[in-house]
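Fold and geometry: a report
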Amino acid sequence: MITDRNLGYQNLTGSDTLYAIVLVRTPLSQKSYPLQDEDAFQEDQRNRTFHYHVPAELRDSIQIGQLVWVPFGRRYIQGVVIGLDDASPVPETRPIDQIVDEQPIMSLPLIQLAHWMSDYYIAPLATVIDTLLPPGVTQNVVTVYQTSNKSNGLALDESESTLLAELEKADTPLTKAQLQRRFNMPRLSQTLDRLLRKGLINTHQQIQPPTVRPRTTRVVHLAPNWQDHVSSRAKAQLRLAEWLEKQGPRWMDAALAADASEVSAGVVKSMIDNGALETDEKRLWRDPLQGKRFVPLTEPILTSDQSTVWQTIATRLDEPHPRPLLLQGVTGSGKTEIYMRAVRQVLERGQSAIVLVPEIALTPQTIRRFGARFADTLAVLHSKLSAGERYDQWNLIRSGDLKLVVGSRSALFAPVQDLGLIVIDEEHESSYKQERTPCYHARETAIELTRIYGATLILGSATPSLESAYAVERGEFERLVMPRRVMGHRLIILEQEHDLDRPASHFNADADTQDALFADLPEVEIVDMRAELLAHNTSILSRALDQSIQQSLDKHEQIILFLNRRGAASFVSCRDCGYVVKCPKCLIPLTYHTGREVLLCHHCNYSEPTPKTCPVCGSRRIRYFGTGTQKVEQVVQQKYPGVRVVRWDVDTTGGKLDHERILDQFINGQADIMVGTQMIAKGLDLPRVTLVGVVTADTMLNLPDLRANERTFQLLTQVAGRAGRSILGGRVIIQTYTPEHPAIQAASQHDYDGFYASEIAFRREHWYPPISRMARLLYLNPNNDLAEEETNRVANMLNTMLQRQGLADTRIIGPAPAFFSRIRGRYRWQIILQSLDPGAMLRQIELPLGWRIDIDPVSLL
């Protein structure tokens, strides 16, 4: 059991023996690797933490968070020291062998966070710690095989002879994986076992090098007496020496020096050999920001809204344990400037800051903004970096050389020194939730991390999640509001008039400063697609959207066409009256399944036949619904010949720099229309965009998920915010078959408070989150019958527990097939547990392989 007393020297009692609690980084298999003291380690097999005693020679250097080598059964493996203790739960322990790196690989706050994540998200501690570690820093030990150089005259079969001959020819011992690649032998393990028993081969453990290592380069400078070693006839050597002499006594990259002085690498080598050059190896840092130029910017004068908010935040930054701050500002209200002021204040007092963005697509724009102020201390962490870039950025952050980290979700675990601030921009985004174990949410995890550090957390959004807004209602968060869109300061507006060759529209001046100008949020028009059908328009573009697109193209302005591709062709609706078939128990849309011609509820498993006519109006035009980005792109290119279209979705952004390339292409005016999905709705500042068209709002609205209304409102409001961010103005057109829906009406009026009031009332009535909490138990199996059988077994077990313990505030929903019922050949069935604390019940059970637990899921699809 790990307790607070284990987390530092200060609580130890001064025992002669010091024990390290080590989390071993390999699955525990007592059958394969019996332990001489296996009874001692029953305390935490699932999380694989064990007591090792610290030898006297390591006692002064052992630290929590270090990576160490330890014996583990018959193996030699790495582990992380997650605690220190002056007592062991068993009489005999094994020693730590050696420390891999004197500097801890994990800080004490991150280890505390890992314990919290393991408990809160019901995830193995080892899995959590693997999530927090950077890629490529750990090493593994593999078993290698070689000949024993013995011949005992035993008869060998063909496979044994072949394998033995290959091992005899090999220069170095070979792993089983290497042998398998060479032979593709079906019974390789059995053949190796037979050769081992016959004594013809033997094995030993071999440490593999880290997959990511520091990169070094050769550097040179002139020796003091270099003239004594260079002949006047060696013109190439003289040319290199003269170039180096001009550079002064600095160490210079050898390859760079050779290129600059137009000599070969052989000339450099000969001068090193004859003593004319001194040489050394220098660490070469792989920098994802290399080549990027940041233009320093002075801080603008704050608007009155910004000034009010900033005064509060500046005060909270000086408090020891402030409540999380929810900064609710409409799109374009200047939230980023507030973030940068907060970062500056934290950095000036020597602390570090982390800024999270929901999508890698937003990282280039965010980096430009923060790089203009903090280029010297800016680090970047996200999944599109190479392993080497992430490794080097991680090391520079750990050393304290870089104190500002900008990145996506996992940047939350950067090894910063003395964290003072976390900013989560667009905090409502579902991409802050990890889908694989541990299924953590960056917002909840950041709340705990700032609690550990006593740091400040700022959550920013134009459309806060209901969880955050409800936390404000309960007094857990402090809400700060910026209700007006800032068009810019007067000088900036004049520059836009000049650059765009267009007179500015009417703007409102700031009553306090008279310097900043404000604009109303863009006008939103709702188009009833039922009326389009009645007018015999069967195109995916309404007449209003078609006309507006043509007008914007004629003015050489830019256009965004947005749609949510997820869940396309999933629900059934009436094209005449807009009726959507819903589950009578859960009040969420039923999902259409092709082939079976059945509608199914993916929460409770209710089903009914697909209707032939609408039960409300009797129309026969009731059918499944959906379209995709590629189809929209094709329609646009056919309808507007010569138009330049760029598509931005998951299919077009597989490469490392694709997001930045597409964004730059659009910003630089090399495309007229951008067709995209959710990623284009998130915080992008595109001043030339005057028209945003939502091709259909209904695919978002009618997904079988309790957050469908919330997500629809957020997406529509966010994507509407991409229009009208310059003097050109803008408008938004939303196409829908259900124009009267509260989420669509609220989005068209930019009315967050109205939407929150209606949606939280719905959640209260049905006891849905955030009023209660949920856990999703997802089971995966290649056999659908076995998947259904296992989920029924667990559901029965949970219901039995429910009855025995008399848990009145707990509901079990399902089992039922998940919305995406089969992925990568595995069927997916789910059980939903609804309670005030679902984790309390789940901590009492152990689930076999194949189950995945998601606490506080953001999606039930």
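Parameters and conventions
Residues numbered from 1 in each chain as written. Predicted model: local features only at pLDDT ≥ 70, side-chain atom pairs only at ≥ 80, totals over all residues. Heavy atoms only, no water. Helix = DSSP H or I, 4+ residues; strand = E, 2+ residues; numbered from the N terminus. Buried < 20%, exposed > 50% of the residue type's maximum accessible area, 1.4 Å probe, protein only. Contact = heavy atoms within 4.5 Å. Salt bridge = Lys/Arg side-chain N within 4 Å of Asp/Glu carboxyl O. Arc of directions from axis to C-beta. Disulfide = S-S within 2.5 Å. Phe/Tyr/Trp six-rings, centres within 6.5 Å; stacked < 30°, edge-to-face > 60°. Pairing = 2+ DSSP bridges. Axes fitted to C-alpha atoms, helices over the stretch in contact; angles between N-to-C directions. Parallel < 35°, antiparallel > 145°, perpendicular 65-115°, else oblique. Nonpolar A, V, L, I, M, F, W, Y, C, P; charged D, E, K, R; others polar. Right-handed = clockwise from strand over helix to strand, strands pointing away. Expected span 1.5 Å × (residues − 1). pLDDT = per-residue confidence, 0-100.

1. Some details on the overall build of the protein
Each helix and strand in the protein was counted, giving 25 helices and 37 strands. When burial is assessed residue by residue, the protein has 55% of its 861 residues classed as buried. In the protein, once contacts between residues fewer than 6 apart in sequence are set aside, the share between residues at least 24 apart is 76%.

2. Looking at the pattern of salt bridges
Applying the stated criterion to the full structure yields 41 salt bridges. Between Lys269 and Asp273 there is a salt bridge, and its shortest N-O distance comes to 3.0 Å. Of this pair, Lys269 and Asp273 both sit in helix H8 (residues 265-273), four residues apart, roughly one helical turn. We classify Lys269 as partly exposed; its relative accessible area is 48%. Overall, the relative accessible area of 55% leaves Asp273 in the exposed class. The shortest N-O distance in the salt bridge between Asp528 and Arg530 comes to 3.0 Å. Its relative accessible area of 14% is what places Arg530 among the buried residues. A single network of salt bridges, built from pairs that share partners, joins Glu299, Glu337, Arg341, Arg344, Glu348 and Arg373.

3. Let's talk about helix H5 (residues 188-197)
Inspection of H5 places Leu188, Thr191, Leu192 and Leu195 among the buried residues, and these make up the whole buried set. What you see down the axis of H5 is that its buried residues fit within an arc of 100°, all on one side.

4. Concerning the state of the cysteines
Summed over the entire model, instances satisfying the criterion amount to zero disulfides. Not engaged in a disulfide, the cysteine Cys614 finds its nearest cysteine sulfur in Cys577; these two sulfurs lie 3.6 Å apart.

5. Examining unusual backbone geometry
Across the junction of Thr437 and Pro438, the peptide omega takes the value -5°, indicating a cis bond. Relative to the helices and strands, Pro438 resides in the loop between strand E17 (419-425) and helix H13 (442-453). Note that the residue after Pro769, namely Pro770, is joined by a cis bond; omega there is 10°. Note on placement: Pro770 falls in the loop between helix H23 (752-766) and strand E34 (773-781). Positive phi, normally seen in glycine, also occurs at Glu262, with a value near 60°. Backbone geometry places His556, a non-glycine residue, at a positive phi of 60°. Along the polypeptide, His556 turns up in the loop between helix H17 (543-554) and strand E24 (558-562). Overall, the relative accessible area of 71% leaves His556 in the exposed class.

6. Quick look at the packing of aromatic side chains
Within the structure shown, the criterion is met by twelve aromatic pairs. Taking the centre distance of 6.1 Å and the plane angle of 50° together, the rings of Phe713 and Tyr752 count as tilted. Of the two residues, Phe713 is situated in helix H21 (residues 708-720) and Tyr752 in helix H23; the sequence distance between them amounts to 39 residues. Assigned by exposure class, Phe713 and Tyr752 land together as buried. Aromatic pair Phe713 and Phe755: ring centres 4.4 Å apart, planes at 5°, arrangement stacked. With Phe713 in helix H21 and Phe755 in helix H23, this residue pair connects regions lying 42 residues apart in the sequence. Using a relative accessible area of 1% as the deciding quantity, one classes Phe713 as buried.

7. Concerning the sheet that holds strand E13 (residues 325-329)
Pairing is parallel across the open sheet formed by seven strands, whose spatial order is E15-E16-E14-E17-E18-E13-E19. At either margin of the open sheet sits one strand with a lone partner, and together these are strand E15 (378-381) and strand E19 (478-482). Neighbour to neighbour, the strand axes of the sheet diverge by 20° on average, direction disregarded. With four bridges connecting them, E13 and strand E18 (residues 456-461) associate as parallel partners. In the sheet register, Leu327 faces E18, and the bridge partner there is Gly460.

8. What to know about the packing of helix H6 (residues 235-247) against H8
Viewed as axis vectors pointing N to C, H6 and H8 meet at an angle of 80°, and their least axial separation amounts to 10 Å. Relative to H8, the element H6 is oriented roughly perpendicular. For the pair formed by H6 and H8, the contact residues are Ala236, Gln237, Leu240 and Ala241 on the first element and Val267, Val268, Ser270 and Met271 on the second. The residue inventory of the contact of H6 with H8, partitioned by class, reads six nonpolar, two polar and no charged.

9. Overview of the sheet that holds strand E9 (residues 201-207)
The three strands lie next to each other as E8-E7-E9, forming an open sheet whose pairing is antiparallel. A single partner strand is all that each edge strand has here, and the edge strands are strand E8 (174-175) and E9. Relative to E9, strand E7 (residues 141-147) runs antiparallel, the two being bridged by seven bridges. The residue bridging Val141 from the neighbouring strand is Ile207, located in E9. Its contacts with the sheet put H5 on E7 and E9, and the angle it makes with E9 is roughly 115°.

10. Side note on the pairing of strand E16 (residues 404-407)
Residues Leu404 and Val406 point to one face of E16 and Val405 and Gly407 to the other, with burial holding for every one of them. Direction of pairing for strand E14 (residues 352-356) relative to E16: parallel, over a ladder of four bridges. Among the inter-strand pairings, Ala353 is bridged to a residue of E16, identified as Leu404. Of the strand pairs in this sheet, E15 and E16 are connected by four bridges, and their pairing is parallel. Within E16, the residue paired with Val380 across the bridge is Val406. Following the chain from E15 across helix H12 (residues 387-398) to the adjacent parallel E16, one finds a crossover that is right-handed.

11. Describing helix H3 (residues 158-169)
An α-helical turn contains 3.6 residues, so any two residues separated by three or four positions project in the same direction. Here H3 contains twelve residues, and its C-alpha end-to-end distance of 17 Å stays within 8% of the 16 Å for a straight helix at 1.5 Å per residue. All of the buried residues along H3 are Glu160, Leu163, Leu164, Glu166 and Leu167. The buried side chains of H3 occupy one side of the element, clustering within an arc of 160° when seen end-on. Across H3 from its buried face, at more than 90 degrees, point the exposed residues Glu158, Glu168 and Lys169. Among the structural elements, E7, E8, helix H4 (176-183), H5 and E9 are those in contact with the buried residues of H3.

12. As for the confidence of the model for the protein
The predicted model of the protein averages 83 in pLDDT, with 85% of residues at 70 or higher. Taken as a whole, residues 1-6 scores under 50 in pLDDT and shows 16 contacts with residues more than four places along the chain or in a different chain. Below a pLDDT of 50 lies the segment residues 27-45, which in the model reaches 28 contacts outside its immediate sequence neighbourhood of four places, other chains included.

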